[in-house]
Amino acid sequence: MFKIIHTLLITFMFTSVAFGQDIKPTLTVYTYNSFTASWGAAPKIKEAFERECNCTLKFVSTSSSIGALRKIQLEGKHTKADILLGLDTSIAQTANKTGLFEKHDLNTSMLLLPVPYKDENFVPYDYSYFAFVYDSDKLKEVPDSFEALASMPENFKILIQDPRSSTSGLGLLLWIKELYGEKAGAYWKRLAPHILTITKGWSESYSLFLKGEADMVLSYTTSPAYHMIEEKKNNIKAASFKEGHYGQIEVAAMLKSSKHKALAREFLSFMLSPAFADIIPTTNWAYPVVKTTKGLPNAFEQLIVPSKMLLMDGKKVEASRKAYIDEWLNALRR
Amino acid sequence: MLKRLYGFKGSLLPGLFVSFFLLGFALLLFMTLLGAEDPVQITRLDERVYGLLEFTLYQAFLSTLLSLAVGIVLAWSLAHQSDFKGRSVLVALFSSSLVLPTLLVAFGLIGIYGRNGWINQISIALFDHSFGSYLYGLSGILLAHTYLNASFASRSLLHTFESIPKEKYKLAKSLGFSTFQRFIYVELPALKPTLLSIASTIFLLCFSSFAIVLILGGSPAYNTLEVAIYEAVRIDFDIAMALKLALIQLAISTLLVIFSSNFRTGLSNLKTASVRIPWKEAEHIGWIQRTVIALFTLFFVLPLLVIIADGSGADFGRIFAESLFVKSFLTSLVFAVASSILTVVLALFLSDAKRHFTLKNRLADRVFSKPLSLLISFSGNLYLAIPSLVMGLGFFLLSQKYEAPIVVWASAAVLTANVLMSLPFALSVLSPVMQKTAQRYDKLVFSLNLGKVQRWIYCEYPYLKSSIGYVFALAFCFSLGDLGIIALFGSDEFSTLPWYLYQLMGSYRTNDAAGVALILLVIILSVFVAVPRLFERKVSGGEVAEHK
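Analysis parameters
- Residues numbered from 1 in each chain as written.
- Chains lettered and ligands numbered in written order.
- Predicted model: local features only at pLDDT ≥ 70, side-chain atom pairs only at ≥ 80, totals over all residues.
- Heavy atoms only, no water.
- Helix = DSSP H or I, 4+ residues; strand = E, 2+ residues; numbered from the N terminus.
- Rg over C-alpha atoms; globule rule 2.2 N^0.38 Å.
- Buried < 20%, exposed > 50% of the residue type's maximum accessible area, 1.4 Å probe, protein only.
- Contact = heavy atoms within 4.5 Å.
- Lys, Arg positive; Asp, Glu negative; His and termini not counted.
- Charge placed at Lys NZ, Arg CZ, Asp CG, Glu CD.
- Pairing = 2+ DSSP bridges.
- Salt bridge = Lys/Arg side-chain N within 4 Å of Asp/Glu carboxyl O.
- Buried area = accessible area lost by both parts, 1.4 Å probe.
- Polar contact = N/O pair within 3.5 Å; in protein donor to acceptor, adjacent residues only side chain to side chain.
- Axes fitted to C-alpha atoms, helices over the stretch in contact; angles between N-to-C directions.
- Parallel < 35°, antiparallel > 145°, perpendicular 65-115°, else oblique.
- Nonpolar A, V, L, I, M, F, W, Y, C, P; charged D, E, K, R; others polar.
- pLDDT = per-residue confidence, 0-100.
- Phe/Tyr/Trp six-rings, centres within 6.5 Å; stacked < 30°, edge-to-face > 60°.
- Disulfide = S-S within 2.5 Å.

Draft legend 1. Representation of the overall build of chain B in the model. Each helix and strand counted, chain B has 25 helices and 0 strands in total. Computed over its C-alpha atoms, the radius of gyration of chain B comes to 24 Å, within 12% of the 24 Å expected for a compact globule of 548 residues. Its C-alpha atoms give chain B principal-axis dimensions of roughly 70 × 70 × 50 Å. Here chain B, with 548 residues, has 59% of them falling under the buried criterion.

Draft legend 2. Highlighting the overall build of chain A. The number of helices and strands found in chain A is 13 helices and 12 strands. Against the 2.2 N^0.38 benchmark of 20 Å for 334 residues, chain A shows a C-alpha radius of gyration of 21 Å, consistent with a compact globule. Projected onto its principal axes, the C-alpha coordinates of chain A cover approximately 60 × 55 × 45 Å. When contacts within chain A are restricted to residue pairs at least 6 apart in sequence, long-range pairs at least 24 apart make up 77% of them. Looking at chain A, you have 40 positive and 35 negative side-chain charges, and the mean spots of the two groups are 5 Å apart.

Draft legend 3. Quick look at the pairing of strand S5 (residues 123-135) of chain A. Residue and element names in this part refer to chain A. Most of S5 sits out of view: 13 of its 13 residues are buried. For S5 and strand S10 (residues 245-255), the ladder comprises 6 bridges, and the chain directions are antiparallel. Looking at S10, one finds that Val123 is bridged to Ala252. Across 5 bridges, the pairing between S5 and strand S8 (residues 216-220) is antiparallel. Across the sheet, the residue bridging to Val133 is Val217, located in S8.

Draft legend 4. Looking closely at the pattern of salt bridges. A complete count under the given rule lists 22 salt bridges over all chains for this structure. Residue B:Asp238 is joined to A:Lys322 by a salt bridge in which the shortest nitrogen-to-oxygen separation is 3.5 Å. Placement of B:Asp238 in the loop between helix H12 (225-234) and helix H13 (239-260) and of A:Lys322 in helix H13 (residues 314-332) is noted, with the two residues assigned to different chains. Taking the shortest distance from any N to any O, the salt bridge between B:Arg182 and B:Glu187 comes out at 3.7 Å. Here the two residues B:Arg182 and B:Glu187 agree in accessibility, since each one is buried. A cluster of three or more residues bridged by salt bridges with shared partners is formed by B:Asp352, B:Arg355, B:Asp442, B:Arg455 and B:Glu460.

Draft legend 5. Seen up close, the interface of chain A and chain B. Facing the 45 residues of chain A at the interface are 43 residues of chain B. A buried area of about 4300 Å², summed over both sides, lies between chain A and chain B, and 58% of it is on carbon and sulfur atoms. At the boundary of chain A with chain B, the tally comes to 4 salt bridges. In this structure, B:Glu231 and A:Arg164 form a salt bridge, with 2.6 Å as the shortest nitrogen-oxygen distance. In this assembly, chain A and chain B are joined by 9 residue pairs in polar contact (both at pLDDT 80 or more).

Draft legend 6. Inspection of the packing of helix H10 (residues 179-207) of chain B against H13(B) at higher detail. Residue and element names in this part refer to chain B. The contact between H10 and H13 brings their axes to 10 Å, and the two run at 170 degrees. Of the possible angle classes, the one that applies to H10 and H13 is roughly antiparallel. Where H10 abuts H13, its residues Ser200, Phe203, Leu204 and Phe207 lie against Gln249, Ile252, Ser253, Leu256, Val257 and Ser260. Among the residues forming the contact of H10 with H13, the class breakdown is 6 nonpolar, 4 polar and no charged.

Draft legend 7. Here's a closer look at the confidence of the model for chain A. Residues and elements named next belong to chain A. The predicted model of chain A has a mean per-residue pLDDT of 88, with 93% of residues at 70 or higher. Mean pLDDT values for the elements of chain A range from 51 in helix H1 (residues 2-20) up to 96 in S8. Counted against residues more than four places away or in other chains, residues 14-18, with its pLDDT under 50, gives 0 contacts.

Draft legend 8. Representation of the pairing of strand S1 (residues 26-32) of chain A in the model. Residue and element names in this part refer to chain A. Most of S1 is tucked away: 6 of the 7 residues are buried. For S1 and strand S2 (residues 56-62), the ladder comprises 7 bridges, and the chain directions are parallel. Residue pairing across strands places Val29 opposite Phe59, the latter belonging to S2.

Draft legend 9. Representation of the packing of aromatic side chains. Going through the model one piece at a time under the given rule, you end up with 51 aromatic pairs over all chains. Consider the rings of B:Phe17 and B:Phe21, whose centres lie 6.3 Å apart with planes at 25 degrees: the pair is stacked. A residue pair is termed a helical-turn pair when its members lie 3 or 4 positions apart in one helix, as B:Phe17 and B:Phe21 do in helix H2 (residues 9-35) at 4 residues. Take B:Phe17: its relative accessible area is 59%, and that puts it in the exposed class. Grouped by ring-pair contacts, the aromatic residues A:Tyr32, A:Phe35, A:Phe49, A:Phe59, A:Tyr125, A:Phe267, A:Phe270 and A:Phe276 constitute a single cluster.

Draft legend 10. Summary view of the state of the cysteines. Residue and element names in this part refer to chain A. Inspection of every chain in the model, using the stated rule, returns 1 disulfide over all chains. Note on cysteine connectivity: Cys53 is disulfide-linked to Cys55, with sulfurs 2.1 Å apart. Linking Cys53 and Cys55, the disulfide has an S-S dihedral of approximately -85 degrees and is accordingly described as left-handed. Residue Cys55 is classed as buried on the basis of its relative accessible area, which comes to 2%.

Draft legend 11. Quick peek at the side chain of A:Ser128. Residues and elements named next belong to chain A. Within the fold, Ser128 resides in strand S5. For Ser128, a relative accessible area of 3% puts it in the buried group. A distance of 2.7 Å separates a polar atom in the side chain of Ser128 from a polar atom in the side chain of Thr222. For Ser128, the residues in contact, after removing those within four places along its chain, are Tyr220, Thr221, Thr222, Gly247, Gln248, Ala286, Tyr287 and Met309.

Draft legend 12. Layout of unusual backbone geometry. Within the chain, A:Trp285 stands out as a residue other than glycine whose phi angle is a positive 50 degrees. The residue A:Trp285 is located in the loop between helix H12 (274-283) and strand S11 (287-288) in this model. At B:Asn449, a position not held by glycine, the phi torsion is positive, near 60 degrees. By the element assignment, B:Asn449 lies in the loop between helix H20 (406-448) and helix H21 (452-481).

Draft legend 13. Structural context of the environment of B:Ser388. Residue and element names in this part refer to chain B. You can see Ser388 is positioned in helix H19 (residues 388-401). For the pair Ser388 and Ser208, spaced 180 residues apart in the sequence, the C-alpha separation amounts to 8.1 Å. What Ser388 contacts, discounting residues up to four positions off in sequence, is Glu226, Tyr383, Ala417, Asp482, Gly484 and Ile485.

Draft legend 14. Representation of the environment of B:Ile524. Locating B:Ile524 in the fold gives a position in helix H24 (residues 510-536). Beyond its immediate stretch of four places on either side in the chain, B:Ile524 contacts B:Val99, B:Pro101, B:Cys477, B:Leu480 and B:Gly481.

Draft legend 15. Local environment of the confidence of the model for chain B. All names here are of chain B. Here chain B averages 83 in pLDDT, while 91% of its residues score no lower than 70. For the stretch residues 265-269, pLDDT sits under 50, and the model shows 11 contacts to residues farther than four places along the chain or on other chains. Under a pLDDT of 50 for its full length, residues 539-548 has, in the predicted model, 7 contacts with residues more than four places off or in other chains. Our summary of model confidence lists the complex with pTM equal to 0.84 and ipTM equal to 0.76.

Here's what the structure looks like:
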């Protein structure tokens, strides 16, 4: 028995080594798991990019994008990653500080973003707004502000993500910080009884929400488009909050340790092409940063669009992220 | 004196070598942890650390209390209801909780007690009422810990109930004791020593609980030290914090182990027989007992049924086609086989050496015997003192210090953790049996002048093999189901079945997760049932006769 397994394992190792030594170079992208899922953006992007690059594009996924950054930090010099994709502007400064990332030298001034954007290392590829998503068949009384959210009845439960591991979790933390400032900790204490569970990544919460485990989940204003287009369902909606919605601009950068820098640069500039933009709305369910060839799908017109994108300066976030998280951790202690 | 010592070198040296090797390993780990960061950073304790510590102790205390309460009532009921159909199957089933992966238990509990679980669904269908969400947080942790430990406790306690001399029951009956008086004056005193030993074991297990808290905790408010260590390394990349927590965890669990080692005996009393207690229960007491058994059976079986029900609908073709699944599956299998072989060998070496120091006709009368015997016991019980994640952190720091591919370090870490995890159980099963074989055959073996190998073939193995089979199965299942250290090292390149399942549970793919959970459950239960039988079957007729 043991021998058979052993032989199998060795064969397996050899085959994987053989695949690794393909003639084409392999560009490795670390990202979060909902991006690489079979219905996510990765398969289509792989197909589109491989048509023009004469390379193999390989996505390696972790449960969250900050998790992918931590993985790169843990692996240090040995990391196989050429590109890290999926951080947002709130956490990109933290990544920059590790000194692991390389300048992109691309012109990002004419991108279609609601706010001005500039960063030497990280290139944006899509954006959206954080929002609490609910099922309108089940939830009749929908909170329209953070005040209303915290004043919901005791058995009203929400799913959120951990700000230490997930960009959406961090987004909520900063959203509340922007609105409540000094009183953010006190607000978290009020919100705490409504939190069903705090997951490491977005997809874990979202699947719990779809299984009916909670009334609302922290997600994006663009999430309902998925249900409209893929499932022809109109009952999943994002709650519009009158205080405004915190924004997320997702970014990617190449690593200094990459062995395929030319290829990595090619990928970053591909992210700013219409071919890439065409894929984003119906796979990653977000707004692309450049014009698509045919415009956005109709479902996107039915989405709520906040009048203003709240966004804290990345440098400010980096300077106080640890303090904010400590405040959050302390507020959530019983 | 030395001459006599020399005479035993063949069986002493391997055991002592293993023991010193293990202790050396613990020391290295400790030095690595200690030397890794600026000490000032480590000694500064803030409120959060106290909060973590407080909650870890608090939940372990409550879990132990609950598990013991349920365990006692269940064992009491089973002991007095000794002749219903399927009792032995039931008892065997409860004892499988020892090897059920915590990850699977969490998975099954969500299926029953989750907001969309069976209980709420039935309640909504019947009464249009949902109990809402109550599974995440302290209640979920307590529920899972009770699930895992009450069944384990009841198994050992049942054995104790059944070992109470029947004369005592007869005497109590003739004195006209009520059921309550019987419990207080006859049964409780007999339970006390077992209670202390399982209480301390359960407390230690809950103190370092990881997967349950990771999945059902739901918020940093319900973190144990283990989970906080994991988060500090993998989420925050705050090694100083992880180290601080690891040292606290290490200090407390070592203290607990030392404190409790006096009464930690007889974990292995797992063989129970159906012995009729000479006391016919009153009608209403009998009803209570049967209800307790029925309720606990439901409590125990339902989560397993959920796994089977959810899992059987999965698309197994797709699961098996996934290369990461195949990889994780093979890795898990190889590690399980390797670690169970290692566990058996190490446990045999250790108990072989240990019996020299405890037997009168060997070396028990020597001055050095007692400390050496303690040393061997301690080295075999290292896992209780060094929890998985602390060990993982040590390996992680070593991997940063000494260059080698991360996979190599990860394999070493997982294998070490798996072996150490099984060793305490292996020792508590094998050591008493080896003690007995020595008592029984020593004179014969010495007079016949049998060699080491002959002794093993003719005396030890036939007597030991059923225990070896049990230990092998136990170690195999422990290794296959563990989500501890792998949580620190897991990746697409190095993944085990529990890690893969945890990844699936965290993504959209609930159907695949259900399928993988079922696969894991089937393998574990079948190994746990089949492997010990495989060893038993070789028992020859003569051997059986001799046992009688």
